[in-house]
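# Observations on the model geometry
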Amino acid sequence: MTLPVAMGWRHLLFANWPTAPAVVDARLPDGLEPDTYDGRAWLSIVPFRNVAVRPRGVPARLGFGLPELNLRTYVRRDGKSGVYFFSLDADGVLGVLAARLTHRLPYYNARIEMRLGSRHVSFASERRHPGATPVRFACRYEPVGESFAPNPDSLAAFLTERYRYYTIGRRGELRSADLVHDRWSLRPATVALERNALFEASGFEPPATSPVCYYSPGVDVVSSRNRPL
């Protein structure tokens, strides 16, 4: 049985690339379909720091933290929207094992360095998971412009305001969990990509265009139990 988890997501970059729905659909499990905005599916890379991770109800000071990096897309099932993760890299063996075993999420152990500058964030990840293809990623991102709350019908809301994730269990069953947090406060962002092998590692062609980027200082989150559908 999984327990509800509380945590904080900090200093996030949402780097988003449009793609054909058929490209995403070919990589989704049965029961999920691509969610689209103006006819396009999206692939997103999200580096951030996860802080105060602990079972819900446990004081935040007793939680642990770790930097993370994920490759995700946006999906629907029975009219309900959510996120599907192709990979999640994190720097912490115990956290990776716990997420894999209890929440059935495709986590990989990685060595990650995340540095906060006066205006920018430097992020570098090298996957070192046993049996997995090595993957390297490095970028430098910076918020620009004024903060805003995304309009509900906007692309920014489509790419960030997601309150459910879907994953696959050990027997191939589709599972989901709900997420509770405040609405995102976003800023436009710029990113300089130095290395990016995440797409190829999940079977996608490298992006040929520049991403649409947003930055957020973060939110506090509670995830429900991960349940089979």
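The following paragraphs examine the structure supplied in this document. Since the model is a prediction, treat every value here as computed from it, not as a measurement.

### Section: the overall build of the chain
Each helix and strand in the chain was counted, giving four helices and 13 strands. Against the 2.2 N^0.38 benchmark of 17 Å for 229 residues, the chain shows a C-alpha radius of gyration of 16 Å, consistent with a compact globule. Its C-alpha atoms put the chain at 45 × 40 × 35 Å along the principal axes. Going through the 229 residues of the chain one by one, you find that 50% of them count as buried. Across the chain, every contact between residues at least 6 apart in sequence was considered, and the portion connecting residues at least 24 apart equals 67%. Accessible area of the chain: about 11,200 Å², with a carbon and sulfur share of 50%. Charged side chains of the chain number 30 positive and 22 negative; the gap between the two group centres comes to 7 Å.

### A word on the packing of aromatic side chains
The geometry of an aromatic ring pair is captured by the separation of the ring centres together with the interplanar angle, meaning the angle of the planes. Following the criterion strictly, the structure yields twelve aromatic pairs and no others. Residues Trp9 and Phe48 carry aromatic rings whose centres are separated by 6.1 Å and whose planes lie at 65° to one another, so their mutual orientation is edge-to-face. With Trp9 in strand 1 (residues 5–19) and Phe48 in strand 3 (residues 41–55), the pair connects residues that are 39 residues apart, well separated along the chain. Of the residues examined, Trp9 reaches a relative accessible area of 15% and is grouped as buried. On the basis of relative accessibility, which here comes to 4%, the residue Phe48 falls in the buried class. Pairing Tyr141 with Tyr215 gives two aromatic rings, centres 6.5 Å apart and planes at 45°, and the pair type is tilted. Of this pair, Tyr141 sits in strand 8 (residues 136–143) while Tyr215 sits in strand 12 (residues 212–223), and the two are 74 residues apart along the sequence.

### A look at the state of the cysteines
Per the counting criterion, the structure on display carries zero disulfides. Cys213 supplies the cysteine sulfur nearest to Cys139, a cysteine that is in no disulfide, at a spacing of 8.8 Å. Overall, the relative accessible area of 2% leaves Cys139 in the buried class.

### Focus: the layout of surface pockets
There is about 690 Å³ of room inside the largest pocket. As for the largest pocket, its lining consists of 39 residues, of which Val5, Met7, Asn50, Leu105 and Tyr107 are closest to the centre. Contributing elements (two or more residues each) for the lining of the largest pocket: strand 1, strand 3, strand 4 (64–77), strand 5 (80–90) and helix 2 (93–103). The class makeup of the residues in the lining of the largest pocket is 26 nonpolar, nine polar and four charged. Around the second largest pocket sit Trp17, Pro18, Thr19, Val23, Leu43, Phe199, Phe204, Glu205, Pro206, Pro207, Ala208 and Thr209, which together line it.

### Describing helix 2
Among all positions of helix 2, only Gly95, Val96, Ala99 and His103 are buried. The buried residues of helix 2 occupy an angular sector of 100° when the element is viewed end-on, so they sit on one face. Exposed and oriented more than 90 degrees from the buried face of helix 2 are Leu94 and Leu101. Buried residues along helix 2 sit against strand 1, strand 4, strand 5, strand 6 (107–116) and strand 9 (164–168).

### Things to note about the pairing of strand 11 (residues 187–196)
Where strand 8 meets strand 11, seven bridges bridge the pair, whose relative direction is antiparallel. Bridge pairing links Pro143 to Ala189 in strand 11.

### A few points about the pattern of salt bridges
One side chain can pair with another of opposite charge once the charged atoms of both are near each other. Enumeration over the complete set of coordinates arrives at twelve salt bridges. Residue Asp35 is joined to Arg76 by a salt bridge in which the shortest nitrogen-to-oxygen separation is 3.5 Å. In this pair, Asp35 is assigned in the loop between strand 2 (33–34) and strand 3 and Arg76 in strand 4, connecting sequence segments 41 residues apart. A relative accessible area of 8% means that Asp35 is categorised as buried. A relative accessible area of 26% places Arg76 in the partly exposed class. Of the charged contacts in the structure, one is a salt bridge between Arg119 and Glu142, with a shortest N-O distance of 3.3 Å. Here Arg119 is found in the loop between strand 6 and strand 7 (121–127), whereas its partner Glu142 is found in strand 8, with 23 residues between them in sequence. Overall, the relative accessible area of 59% leaves Arg119 in the exposed class.

Reading the values: the criteria
- Residues numbered from 1 in each chain as written.
- Predicted model: local features only at pLDDT ≥ 70, side-chain atom pairs only at ≥ 80, totals over all residues.
- Heavy atoms only, no water.
- Helix = DSSP H or I, 4+ residues; strand = E, 2+ residues; numbered from the N terminus.
- Rg over C-alpha atoms; globule rule 2.2 N^0.38 Å.
- Buried < 20%, exposed > 50% of the residue type's maximum accessible area, 1.4 Å probe, protein only.
- Contact = heavy atoms within 4.5 Å.
- Areas by Shrake-Rupley, 256 points an atom, 1.4 Å probe, with all protein chains shown as cover.
- Lys, Arg positive; Asp, Glu negative; His and termini not counted.
- Charge placed at Lys NZ, Arg CZ, Asp CG, Glu CD.
- Phe/Tyr/Trp six-rings, centres within 6.5 Å; stacked < 30°, edge-to-face > 60°.
- Disulfide = S-S within 2.5 Å.
- 1 Å grid on protein atoms, 1.4 Å probe; cavity = no way out; pocket = protein on both sides within 12 Å on 5 of 7 lines; lining within 4 Å.
- Points joined across faces, edges and corners; volume = space filled by probe spheres on them.
- Nonpolar A, V, L, I, M, F, W, Y, C, P; charged D, E, K, R; others polar.
- Arc of directions from axis to C-beta.
- Pairing = 2+ DSSP bridges.
- Salt bridge = Lys/Arg side-chain N within 4 Å of Asp/Glu carboxyl O.

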